[in-house]
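Structure assessment
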Amino acid sequence: MDRRVYASVIVMGQMRVTTFNLAHTVESAQPLTFFGDERGDGKGMTYTHKNSMIEVVQKGSLLDYRAYGNIKGPELRNEVIMRFGLGDDMARIYKSIATDAFMKKAIDSYSGLRITRNDPWETALCFVISQFNNVKRIRGIVKGLVASYGEEHSFLAGGAQLRFRSFPTPESLAERSTDDLMRHGVGFRARYIKKLARECSESFDLKRIEGEDYSKAKEELMSLDGVGDKVADCILLFGYGRLEAFPTDTWIKRIVEHVYFKGRKRSIREIHEFAEERWGGYAGYAQQYLFHNARINKLGKVLR
DNA sequence: ACCCAGGCGGGCG
DNA sequence: CGCCCGCATGGG
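**With respect to the protein's contact with DNA strand C**
Contacts to DNA strand C come from Phe 132, Asn 134, Arg 137, Gly 187, Phe 188, Arg 189 and Arg 269. Looking at DNA strand C alone, sugar and phosphate atoms form 57% of those within 4 Å of the protein. Phe 132 places a polar main-chain atom, nitrogen or oxygen, 3.4 Å from a base nitrogen of DNA strand C. Contact between DNA strand C and Arg 137: a base oxygen at 3.2 Å from a side-chain N or O atom of the residue. Of the residues belonging to the surface near DNA strand C, the class tally is 2 nonpolar, 2 polar and 3 charged.

Given below as structure tokens:
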């Protein structure tokens, strides 16, 4: 494994934020939950972006950020704004989706939770691993893959040496055997991961998805092995910022059935139709508040 | 010992 | 289409 060593290159800045809550955002099972590192008090975190390590700390309405790596100030600022969805107009979004008491309460409880924007490949890998799995284990598996297959970087920061590994590339995973991957606890997902890595490094251009409309993009993502309806929506929401995507997992299905259909069973397709009709272009935000609220309060068991 | 976890692919009627 | 099954693994 080659290693890159750089001299101290630290860029930092600060910005004012409103209706933003770093802890809720990072704890709501988005990609940053899986590959980022939250600070003990929940007010700060670090994550890797390309070949840089970025640290973000929230102090009320101020967001401090700094990076170790080859990234310039303006680019870093844009990265932070993009990553944490700080360009989203929350007043407008809340007004649009808070049309009932249940949603109002979820928004009130977790105000400032944002949809993060992440690299499509990184998002795809995280959510292929997420299937039939739990958040804690997903996190462990993703971090294990980063630790084993990510390129190592080293910086001198205030006399101390800071080391981290960037997110593994499709190429780096494509060349591993499924047995290698299995050793990281990925289980039956090993062949999905290997095929995904190979396709993304050889034939499937994740970039081209950007220009396509929602259903076409989803259809193409679902052509990947191990990417079904739910994972495709996660990739579209967290990897491409398609806020109309409504990932429908078991939690969301139960919650929607309980709150909006008097407990009657609905198919995934019916739930999608309902979400589009009710929440339209911001269905992804509605989904994230429903999901986080349900998971934190363990509503899954209550509704079963 | 069980049960479940941000599902998916394949096979069947 | 809808339904059912198996699937690796570790924590509660």
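**Considering unusual backbone geometry**
A positive phi angle, near 60°, is found at Ala 29, a position not held by glycine. The topology assignment puts Ala 29 in the loop between helix H1 (22–27) and helix H2 (31–35). Since its relative accessible area comes to 8%, Ala 29 is described here as buried.

**Here we look at the protein's contact with DNA strand B**
Around DNA strand B sit 28 residues, and of these Asn 133, Asn 134, Val 135, Val 231 and Gln 287 come closest. Among the atoms of DNA strand B lying within 4 Å of the protein, the sugar-phosphate backbone contributes 64%. With respect to DNA strand B, the backbone of Phe 132 contributes an N or O atom lying 3.4 Å from a sugar or linking oxygen. Residue Gln 288 places a side-chain N or O atom 3.2 Å away from a base oxygen belonging to DNA strand B. Only helix H12 (229–240), helix H13 (250–260) and helix H15 (283–296) provide two or more residues apiece to the surface near DNA strand B. Per-class residue counts for the surface near DNA strand B are 12 nonpolar, 10 polar and 6 charged.

**Quick word on the packing of aromatic side chains**
The way to describe two aromatic rings as a pair is by their centre distance and the angle between their planes. As enumerated under the stated definition, the model contains 15 aromatic pairs in all. Centre to centre, the rings of Phe 155 and Phe 164 are 5.8 Å apart; their planes meet at 10°, and the pair counts as stacked. Members of the aromatic cluster, each reached through a chain of ring pairs, are Phe 246, Tyr 260, Phe 261, Phe 274 and Trp 279. Here the basic side chain of Arg 208 rests over the ring of Phe 204, its NZ or CZ set 4.6 Å away from the ring centre. The ring of Trp 251 has Arg 254 lying over it, and the distance from NZ or CZ to the ring centre is 5.7 Å.

Cut-offs and rules
- Residues numbered from 1 in each chain as written.
- Chains lettered and ligands numbered in written order.
- Predicted model: local features only at pLDDT ≥ 70, side-chain atom pairs only at ≥ 80, totals over all residues.
- Heavy atoms only, no water.
- Near = heavy atom within 4 Å.
- Polar contact = N/O pair within 3.5 Å; in protein donor to acceptor, adjacent residues only side chain to side chain.
- Nonpolar A, V, L, I, M, F, W, Y, C, P; charged D, E, K, R; others polar.
- Helix = DSSP H or I, 4+ residues; strand = E, 2+ residues; numbered from the N terminus.
- Buried < 20%, exposed > 50% of the residue type's maximum accessible area, 1.4 Å probe, protein only.
- Phe/Tyr/Trp six-rings, centres within 6.5 Å; stacked < 30°, edge-to-face > 60°.
- Lys NZ or Arg CZ within 6 Å of the ring centre and 35° of its normal.

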